[in-house]
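Listed below are the residues making up each chain.
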Amino acid sequence: MSFFSSILSKLGIGSAEAAEVESPVAGQPATGFTPAAAAISEVDVVAKLEGMAASHPEKLNWKTSIVDMLKLLGLDSSLSSRKELATELGCPADKMGDSAQMNMWLHKTVLQKLAQNGGNIPKELLD
């Protein structure tokens, strides 16, 4: 699983559990089309992250910090992990050499990619 896929999974975006519908009979597979499952197309990322932040022991500013966002999601926020994620998402080489620039690029890009994958991200967080 890619690093970005881990982020999507933690937020329930595009995950198998978000798409699956439990069968009314235990142990039996669900059959047929279920409109309720098909209607769920967007995940309110802000609400999920705010909910996680409310119960997190640290005060984390996920809206501006990729490190805090990764910590909130329970993912490795080390420099090597952030470099791995930046490489996966295509960070320009000139930003990879400066961790502050890479972090800013990475935060913005992760939010944009979440929006592209079904996450409901407010416009002010995407600018």
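Predicted, not measured: the structure shown is a model, and the values here were computed from it. (Residues numbered from 1 in each chain as written. Predicted model: local features only at pLDDT ≥ 70, side-chain atom pairs only at ≥ 80, totals over all residues. Heavy atoms only, no water.)

Enquirer: Any chance you could break down the environment of Pro-92 for me, citing the residues and the numbers?
Expert: Looking at the element boundaries, Pro-92 is found in the loop between α6 (79-89) and α7 (93-96). When the C-alpha positions of Pro-92 and Met-102 are compared, they lie 8.6 Å apart, and in sequence the two are ten residues distant. (Helix = DSSP H or I, 4+ residues; strand = E, 2+ residues; numbered from the N terminus.)

Enquirer: Just give me the short version of the pattern of salt bridges, but keep the residues and values in it.
Expert: Summed over all chains, the structure comprises two salt bridges. The closest approach of N and O atoms between Lys-63 and Glu-50, which form a salt bridge, is 3.6 Å. Residue Lys-63 is located in the loop between α4 (45-55) and α5 (66-72), and its partner Glu-50 is located in helix α4; the two are separated by 13 residues in the primary sequence. (Salt bridge = Lys/Arg side-chain N within 4 Å of Asp/Glu carboxyl O.)

Enquirer: An account of helix α1 (residues 3-11) is requested, with residue identities and associated values reported.
Expert: Note on helix geometry: an α-helix contains 3.6 residues per turn, so any two residues three or four positions apart are oriented the same way. Those residues of α1 lying buried are Phe-3, Phe-4, Ser-6, Ile-7, Leu-8 and Leu-11. Turning to α1, the residues buried within the fold contact β1 (43-44), α4, α5, α6 and α8 (99-116). Just downstream of α1, Gly-12 is the residue with a positive phi angle, here 75°. (Buried < 20%, exposed > 50% of the residue type's maximum accessible area, 1.4 Å probe, protein only. Contact = heavy atoms within 4.5 Å.)

Enquirer: Break down the packing of α6 against α8 for me, with residues and values.
Expert: Between α6 and α8, the least distance of the axes is 10 Å, while the angle of their chain directions is 55°. As the angle between them shows, α6 and α8 are arranged oblique. Pair α6 / α8 crosses with left-handed handedness. For the pair formed by α6 and α8, the contact residues are Leu-79, Arg-82, Lys-83, Leu-85, Ala-86 and Leu-89 on the first element and Ser-99, Met-102, Asn-103, Trp-105, Leu-106, Thr-109, Val-110 and Lys-113 on the second. Within the contact of α6 with α8, the residues separate by chemical class into eight nonpolar, three polar and three charged. (Axes fitted to C-alpha atoms, helices over the stretch in contact; angles between N-to-C directions. Parallel < 35°, antiparallel > 145°, perpendicular 65-115°, else oblique. Left-handed = near helix turned anticlockwise from the far one by under 90°. Nonpolar A, V, L, I, M, F, W, Y, C, P; charged D, E, K, R; others polar.)

Enquirer: Outline the packing of α1 against α6, listing residues and values.
Expert: At their nearest, the axes of α1 and α6 sit 8 Å apart, and the two run at 100° to each other. Taken together, α1 and α6 sit at an angle that is classed as roughly perpendicular. For the pair α1 and α6, the contacting residues are Phe-3, Phe-4, Ser-5 and Ile-7 in the first and Ser-81, Glu-84, Leu-85, Glu-88 and Leu-89 in the second. The residue inventory of the contact of α1 with α6, partitioned by class, reads five nonpolar, two polar and two charged.

Enquirer: Go over the side chain of Asn-103 with me, naming the residues and quoting the values.
Expert: Mapped onto the elements of the fold, Asn-103 is located in helix α8. What Asn-103 contacts, discounting residues up to four positions off in sequence, is Ile-66 and Arg-82.

Enquirer: Tell me about the nonpolar core, and name the residues and values.
Expert: Among the nonpolar cores identified, the biggest contains 31 residues, and Phe-4, Ile-7, Leu-11, Leu-85, Leu-106, Val-110 and Leu-114 are the most heavily contacted of them. Among the secondary structure elements, those contributing two or more residues to this core are α1, α4, α5, α6 and α8. It is α8 that provides the largest number of residues to this core, a total of six residues. (Core = buried A, V, L, I, M, F, W, Y, C linked by side-chain atoms within 4.5 Å.)

Enquirer: I'd like a rundown of the environment of Ser-65, residues and numbers included.
Expert: With respect to the element layout, Ser-65 can be found in the loop between α4 and α5. Between the alpha carbons of Ser-65 and Lys-108 there is a distance of 9.5 Å; along the sequence they are 43 residues apart. Among the polar contacts listed, one links the side chain of Ser-65 to the backbone nitrogen of Val-67, at a separation of 3.3 Å. (Polar contact = N/O pair within 3.5 Å; in protein donor to acceptor, adjacent residues only side chain to side chain.)

Enquirer: Residue-level account of the confidence of the model for the protein, with values.
Expert: When pLDDT is averaged across the protein, the result is 82; 79% of the residues are at 70 or more. In the model, residues 16-40 has pLDDT below 50 throughout and makes eleven contacts with residues more than four positions away in sequence or in other chains. (pLDDT = per-residue confidence, 0-100.)

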